[in-house]
Amino acid sequence: MKRIIGLITVLLITVGVFAYLYFSNLHVDSRNNTRLLSEIPSDASLILTFQHEQDLFDILKENTLFDTIAGSQQKAEIQFLRSFISKNSALEPLVKSQVVFLSFHPTQAARVDYLWSININNIQKKDDISKFLNLNNEFQLKIFKENGVEVFQIDSHLLEGPFYLTFTKDIARGSSNKSLLLESSDKGSEKIDSEFIKIINEGIRKDENALVNLFINYNKKALISPFLNRTISGNFALFESFLGYSSLTLNYKKDALMFNGESYLKPNQSAYIKLFLNQSPVKNSLNQIMPYNTANSINYGISNLKAYQSDLRELFKENKELEKLENQMKKITLETGLNPDRDLQKLWGNEFSTIQLSTFENLAIIKLKNGTQMQFFMEILSSSYSENIKKMNYGDIFYYYWGDPLKKYVKPFYMIQDNLLILSNSPSTLQRYLKDYNSNRFLVKLDTYKQFDQYVADQSNISFLLHYSNSGSLLQDLLKRNYAENFRTGKSGIKDLYAFSYQLTSNKSHFLTNIYTGYKLSTIQESVLNVDSLDIN
């Protein structure tokens, strides 16, 4: 018995020691990362992290999609850094197995610059840095001080311009944008917030074997707005309509870019998106009837309509809109005898979609349980425009039942086809959609879409799609000039990608999140359908 007790005691002590060492290392790593992250400028809404290992650079070299998205200058920068470190035997031990942080910063010059940050090991003297950097003969090195910071400028034929390095507090930073680099060293400048830092540290610890982590901060109006000529609107507003974070990992595929993980909303915010946390995933069916020239769309899935509309009422109440909307419903009942909550609510289905077309037109589609009954009730509330199209006489009905995505459809034109209610503020848009509907000209019929869609989850609560080719004119109008250039016909790179998908699926306390983009298979079948979409005769 004494021997057994002694053996158990030894095992417990051993486990305790290893646990202490393990969690101590986690604490040290987290502390070092926190110090590094706390100096990243606040306009970084996207941060990539990865281990400095050869495997990743081999993958980056193999996967041309990284080059497509990064662009020629950033591609050269990545290749240069890898070559610079691998050929410098004195530098390699300083960064080996360290986590690399790559933050993305939109600039006033309408471009995105990178800031590379990494913890480094055991540089005893600043003189050692110069010795390390001078070992390579393929570039020229200049050293100068600016704003009290020692800056190492590297010029190389491999780069389009100078690359700058700083070494402070056992942290190495690099960027082709000197101002960005100096801003990270400026204690007075605004940096990313502590909650974002916490999300990053937890994500790295949770997925320590991940090849690449991607972290997104939705709290700053810097995710989409810096790229646009005007205020964000339409389906793109989804990305700046709430406060929160995403913590994602790379799911490697040679000809695609796929991230999956979790998104967290900040509590106590009056955000429309939070309504979907109380829902379960819904099978997407409305993507089957998206027009062939869809530029972007969002499909919304609702598993419990009663709970959704109850939560929506609470949101209206928080925003001081509920009384006005309820008075509008009472007015409808008083003037028509139709009670929307009694007569309409039971006929709504579990999906709706908002769609923007390549022609800049907009429409919405709501799934119905019984289109015939809905047609009867809706005619009481509307006037006839044509045989198939009606015009609403009363406002805000669709906003009252579905919320923000349908707010713009105050008194829209509409038509009902096969248990679908289709809305638009333009009757001609509905006429064109009806023509496409009857001709079965849908995006889903294209081989290119089928190839892309096989990697998109068929169940979600919010599913955003951006079709690059169909969005060409729209993006050139919407984006600042330098960014719009990437989407021009004949340019290499992004034009070779097919679409971008962003999906949120409720997991009660947070959203499971999937991001995916990939190359298009062929343009042959698309050209067959790409006729003049303005021809409705």
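Note that the structure is predicted; figures quoted are calculated from it, not measured. (Residues numbered from 1 in each chain as written. Predicted model: local features only at pLDDT ≥ 70, side-chain atom pairs only at ≥ 80, totals over all residues. Heavy atoms only, no water.)

Structural notes on the overall build of the protein
Item 1. Each helix and strand counted, the protein has 18 helices and 22 strands in total.
Item 2. Pairs at least 24 residues apart make up 69% of the contacts formed inside the protein by residues separated by at least 6 positions. (Helix = DSSP H or I, 4+ residues; strand = E, 2+ residues; numbered from the N terminus. Contact = heavy atoms within 4.5 Å.)

Digging into the pairing of strand 13 (residues 348-357)
Item 1. Buried residues dominate strand 13, accounting for nine of its ten residues.
Item 2. Relative to strand 13, strand 12 (residues 294-301) is paired through seven bridges, and the arrangement is antiparallel. Within strand 13, the residue paired with Y300 across the bridge is F352.
Item 3. Hairpin connection from strand 13 to strand 14 (residues 362-368): four residues lie between these consecutive antiparallel strands, with F360 at a positive phi of about 75 degrees. (Buried < 20%, exposed > 50% of the residue type's maximum accessible area, 1.4 Å probe, protein only. Pairing = 2+ DSSP bridges.)

Notes on unusual backbone geometry
Item 1. Of note in this structure, N147 is not a glycine but carries a positive phi near 55 degrees.
Item 2. Relative to the elements of secondary structure, N147 occurs in the loop between strand 4 (139-146) and strand 5 (149-156).

Details of the packing of aromatic side chains
Item 1. Under the defined criterion, the tally for this structure stands at 28 aromatic pairs.
Item 2. Ring pairs connect the aromatic residues Y272, F276, Y300, Y308, W348, F352, F398, Y400, Y401 and W402, which therefore count as one cluster.
Item 3. Over the ring of Y400 we find R313, and its NZ or CZ is 4.0 Å from the ring centre.
Item 4. Over the aromatic face of F413 sits the side chain of K391, whose NZ or CZ is 5.4 Å from the ring centroid. (Phe/Tyr/Trp six-rings, centres within 6.5 Å; stacked < 30°, edge-to-face > 60°. Lys NZ or Arg CZ within 6 Å of the ring centre and 35° of its normal.)

Some words on the nonpolar core
Item 1. Counting residues in each nonpolar core, the largest one holds 95 residues, and the members touching the most others are Y308, W348, W402 and L421.
Item 2. If sequence neighbours within four positions are ignored, W402 has contacts with Y272, I302, L305, Y308, L312, W348, G349, F352 and I366.
Item 3. Of all hydrophobic cores here, the second largest spans 29 residues; its members include L430, L443, L446 and L465. (Core = buried A, V, L, I, M, F, W, Y, C linked by side-chain atoms within 4.5 Å.)

Digging into the environment of S297
Item 1. Here S297 is to be found in strand 12.
Item 2. A relative accessible area of 2% places S297 in the buried class.
Item 3. Counting along the chain gives 169 residues from S297 to L466, while the straight-line C-alpha distance between them is 6.8 Å.
Item 4. Filtering out sequence-adjacent residues up to four positions away, S297 remains in contact with N235, M290, T354, I355, S463, F464 and L465.

A few points about the side chain of D155
Item 1. Structurally, D155 can be placed in strand 5.
Item 2. Although D155 is buried, it forms no salt bridge, and the closest oppositely charged side chain is K142 at an N-O distance of 4.3 Å.
Item 3. Among the polar contacts listed, one links the side chain of D155 to the side chain of Q153, at a separation of 3.0 Å.
Item 4. Those residues in contact with D155 that sit more than four places away from it in its chain are F139, Q140, K142 and P162. (Lys, Arg positive; Asp, Glu negative; His and termini not counted. Salt bridge = Lys/Arg side-chain N within 4 Å of Asp/Glu carboxyl O. Polar contact = N/O pair within 3.5 Å; in protein donor to acceptor, adjacent residues only side chain to side chain.)

Some details on the pattern of salt bridges
Item 1. A full pass over the atoms with the stated rule returns eleven salt bridges.
Item 2. A salt bridge links E195 to K266; the shortest N-O distance between them is 3.6 Å. Here the residue E195 occupies a position in helix 8 (residues 194-206), and K266 occupies one in the loop between strand 10 (256-265) and strand 11 (282-283), the gap between them amounting to 71 residues.
Item 3. Given the relative accessible area of 25%, K266 is considered partly exposed.
Item 4. Across the pair R441 and D436 runs a salt bridge whose closest N-O atoms are separated by 2.7 Å. Residues R441 and D436 agree in their burial class; the two are buried.

Regarding empty space enclosed by the protein
Item 1. Across all of its chains, the model carries five cavities of 30 Å³ or more by this definition.
Item 2. Estimated volume of the second largest cavity: approximately 110 Å³.
Item 3. Lining the second largest cavity are 13 residues, and of these N287, Y449, V456, S463 and L465 lie nearest its centre.
Item 4. Elements supplying a minimum of two residues to the lining of the second largest cavity: strand 12, helix 15 (447-453) and strand 20 (462-467).
Item 5. Within the lining of the second largest cavity, the residues separate by chemical class into six nonpolar, six polar and one charged. (1 Å grid on protein atoms, 1.4 Å probe; cavity = no way out; pocket = protein on both sides within 12 Å on 5 of 7 lines; lining within 4 Å. Points joined across faces, edges and corners; volume = space filled by probe spheres on them. Nonpolar A, V, L, I, M, F, W, Y, C, P; charged D, E, K, R; others polar.)

Some thoughts on helix 8
Item 1. Taking 1.5 Å as the rise per residue, helix 8 with 13 residues should run 18 Å; its terminal C-alpha atoms sit 18 Å apart, in good agreement.
Item 2. Those residues of helix 8 that sit buried are F196, I197, I199, I200, N201, G203 and I204.
Item 3. Where helix 8 begins, the side chain of D193 points an oxygen toward the backbone nitrogen of E195, at a separation of 3.1 Å. (Expected span 1.5 Å × (residues − 1).)

Details of the layout of surface pockets
Item 1. If you add up the space inside the second largest pocket, you get close to 570 Å³.
Item 2. What lines the second largest pocket is a set of 28 residues, and nearest its centre among them are G234, A237, Y300, D404 and P405.
Item 3. Mapped by element, the contributors of at least two residues to the lining of the second largest pocket are strand 12, strand 13 and strand 14.
Item 4. Each residue belonging to the lining of the second largest pocket can be placed in one class, and the counts come to 14 nonpolar, ten polar and four charged.

A few points about the confidence of the model for the protein
Item 1. A residue-level look at the protein finds 77% of positions with pLDDT of 70 or above and a mean pLDDT of 82.
Item 2. Below a pLDDT of 50 lies the segment residues 1-28, which in the model reaches two contacts outside its immediate sequence neighbourhood of four places, other chains included.
Item 3. Contacts from residues 522-537, a stretch scored under 50 in pLDDT, to residues over four places away or in other chains number 26 contacts. (pLDDT = per-residue confidence, 0-100.)

A few points about helix 14 (residues 427-439)
Item 1. Spanning 13 residues, helix 14 covers 19 Å between terminal C-alpha atoms, matching the ideal 18 Å at 1.5 Å per step.
Item 2. The inward-facing, buried residues of helix 14 abut strand 14, strand 17 (413-417) and strand 18 (420-424).
Item 3. Two residues or fewer after helix 14 comes N440, characterised by a positive phi angle close to 60 degrees.

Thoughts on the pairing of strand 8 (residues 213-217)
Item 1. When you tally the buried positions in strand 8, you get five out of five residues, the bulk of the element.
Item 2. Of the two faces of strand 8, the one carrying N213, F215 and N217 and the one carrying L214 and I216 are both buried.
Item 3. Of the strand pairs in this sheet, strand 1 (residues 46-51) and strand 8 are connected by four bridges, and their pairing is antiparallel. Along strand 8, the bridge assignment pairs L46 with I216.
Item 4. Alignment of strand 8 against strand 9 (residues 244-250), held across five bridges, turns out to be antiparallel. Residue pairing in the sheet places I216 in a bridge with S246 of strand 9.

Overview of the environment of P405
Item 1. With respect to the secondary-structure elements, P405 resides in the loop between helix 13 (397-402) and strand 17.
Item 2. For P405, a relative accessible area of 15% gives the class buried.
Item 3. Setting aside anything within four residues of it in sequence, one finds P405 in contact with Y272, Y300, F352 and T354.

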